[in-house]
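# Architecture and fold: a report
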Amino acid sequence: MGKGGEAQLLNKSSNLNSGKKSSSEKYTWTEVKKHITPEDAWVVHNNKVYDVSNWHEHPGGGVIFTHAGDDMTDIFAAFHAPGSHSLMKKFYIGDLIAESMTHKDAKQIAFEKGYRDLRSKLIMMGMFKSSKMYYLYKCLFNMGMWATAVAMVALSDSFTVHMASALLLGLFWQQCGWLAHDFLHHQVFTHRKYGDIVGIFWGDLMQGFSMQWWKNKHNGHHAVPNLHNSSAESQDGDPDMDTMPLLAWSLNQAHSFRELRADGKDSALVKFMIKWQAFTYFPILLLARISWLNESFKTAFGLGASTENAKLEMERRGLQYPILEKVGIILHHSWVFALSSGFGKFSVPMTLAYFFTATCSSGLFLALVFGLGHNGMANYDAETRPDFWKLQVTTTRNIIGGHGVPQWFVDWLCGGLQYQVDHHLFPMMPRHNLPKTHVLIESFCKEWGVTYHEADLYDGTVEVLRHLSKVSDEFLVEMIKDFPAM
């Protein structure tokens, strides 16, 4: 078992007091790969090994355990400000024997150096510096959408205008999602607390989503997109892939619920949902926001957690901003109730119609964009994941204009996530700098022969549905093979 962060700190203190310098241990890659759970977590950074077992106080939360037993060099650079590595010194336990990494040949090492050099070039170009005026404009535009939706209810008695207001509110919530996303990725401010506070405004208050719930889930997704957990106890998989029993993105995932049953077989619910998932996909998206509101409320008020990783984080750290999160969520539901009821003039059926029109349309608008970003792309098992760059690129799809939908509308609707590949490679880069960066990334991928996929809204949706249908077909074939002969 790993010695853990607290033990490492004590050991370091002991060495300093005795005037001795601890000798550097040497570890093989095989040894590192044995430590994959939060209770026993080793990570590698620039060929140095760190024991972060039970380090739930990690400023970024439980995301650090997604790379337990793996190399975190590049994902660390993607998520941290310069100088952050100094926090890791107290967890250092030794060096990795580089020759033991037999899965990396000279070409792979040169490839990794190439994309690290590209990152350095982008920093020198100023691509990580934000335009405060751009984000001021986006914030004001969003508040204009909200004010218009409110005015349409307050100043009109038309049913059509009220339903249009509900749809506009749904679109407003979607755009709030992109703004909260940018601020909480620390694309705008170098001082992270500022980004958190503005993220709580757009997330908790305006959208109803807990900042901490989102951070835990989204940071984990960024670290390991489209990865399945290596074991039931590990937390090295993508939380956004946790869609069973409603949806399965691979045959292995479709079978993953078998271990929860005494008979080791698929339940009737799993069989039904996986069989028809290509048809239930969009109805599920319509209800997505309701699920997210529920998980956010539970997180903010300590009533539960959406994943084991989030549960551990809440038990060991609690909310980072407990008062602001609770107040934000309460105020959100208060103003939404007032607006949905027409400030007291709507009947109960009309109130429900307004609320569910706004809520379901928002779920669809949100999930459609980030669903196209990853759904139907490559899936990996955690123990066979490729390097950082290939993992991010091959699991991600960019969205372009096409089939009559102009690029400018795609750019606005997707809020920067039309450059999903580029964003995943450099998550702290402001969205307004992604177009310039995209050109360099595309060129780099071509140079090294890395698959880089783009599709428009229509083609991308078809790809997702075909992928779901393919998994369903594979699942049904397995069912037929397992069915006893008559």
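Going by the structure above, here's the rest.
The structure contained in this document is the topic of the report that follows. Note that the coordinates shown come from a computational prediction; the quantities given were computed from them, not determined experimentally.

About the thresholds
Residues numbered from 1 in each chain as written. Predicted model: local features only at pLDDT ≥ 70, side-chain atom pairs only at ≥ 80, totals over all residues. Heavy atoms only, no water. Phe/Tyr/Trp six-rings, centres within 6.5 Å; stacked < 30°, edge-to-face > 60°. Helix = DSSP H or I, 4+ residues; strand = E, 2+ residues; numbered from the N terminus. Buried < 20%, exposed > 50% of the residue type's maximum accessible area, 1.4 Å probe, protein only. Lys NZ or Arg CZ within 6 Å of the ring centre and 35° of its normal. Salt bridge = Lys/Arg side-chain N within 4 Å of Asp/Glu carboxyl O. Pairing = 2+ DSSP bridges. Core = buried A, V, L, I, M, F, W, Y, C linked by side-chain atoms within 4.5 Å. Contact = heavy atoms within 4.5 Å. Patch = residues over 30% accessible without salt bridge, like charges linked within 9 Å, V, L, I, M, F, W, Y side chains within 5 Å. Areas by Shrake-Rupley, 256 points an atom, 1.4 Å probe, with all protein chains shown as cover.

### Regarding the packing of aromatic side chains
All chains considered together, the criterion is met by 32 aromatic pairs. Residues Y115 and F388 carry aromatic rings whose centres are separated by 6.4 Å and whose planes lie at 55 degrees to one another, so their mutual orientation is tilted. Taken together, the positions of Y115 in helix α4 (residues 106-124) and F388 in helix α16 (residues 388-394) put the pair 273 residues apart, joining distant regions of the chain. Where W408 meets F409, the ring centres are 6.0 Å apart and the plane angle is 85 degrees; that geometry is what we call edge-to-face. Classification of W408 as exposed rests on a relative accessible area of 62%. Through successive ring pairs, a cluster of aromatic residues spans F111, Y115, F128, F388, W389, F426, F444 and W448. Lying across the ring of F141, K138 places its NZ or CZ 6.0 Å from the centre. The ring centre of F301 lies 5.9 Å from the NZ or CZ of K326, which sits over that ring.

### Brief notes about the pattern of salt bridges
Throughout the structure, instances matching the rule amount to 17 salt bridges. A salt bridge links R116 to D74, with the shortest nitrogen-to-oxygen separation between them at 2.8 Å. Here D74 lies in helix α3 (residues 73-79) and R116 lies in helix α4, a separation of 42 residues in the sequence.

### Let's talk about the pairing of strand β6 (residues 92-96)
Counting buried positions along β6 gives 4 out of 5 residues, so the element sits mostly inside the fold. Pairing of strand β1 (residues 25-27) with β6 involves 3 bridges; the strand directions are parallel. Residue pairing in the sheet places K26 in a bridge with D95 of β6. Pairing of strand β4 (residues 48-51) with β6, which is carried by 3 bridges, proceeds in the antiparallel orientation. By the bridge assignment for β6, K48 is matched with D95.

### Here's the deal with the nonpolar core
Core analysis: the biggest nonpolar cluster contains 55 residues, and L169, F172, W202, W335 and Y354 have the highest contact counts within it. Top contributing element to this core by residue count: helix α6 (residues 159-184), with 12 residues. Those residues in contact with W202 that sit more than four places away from it in its chain are C139, N142, M143, F172, C176, L179, A180, F183 and Q207. Counting 40 residues, the second-largest nonpolar core is a separate cluster that includes Y50, F65, M72 and V224.

### Topic: a nonpolar patch on the surface
Where nonpolar side chains cluster on the molecular surface, the patch consists of L286, L287, I290, V348, L352 and F356 and spans about 520 Å² of accessible area. Top element by residues in the nonpolar patch is helix α15 (residues 348-374). It accounts for 3 residues. Summarising the element assignment, I290 is placed in helix α12 (residues 288-300). Residue classification places I290 among the partly exposed residues on the basis of a relative accessible area of 32%.

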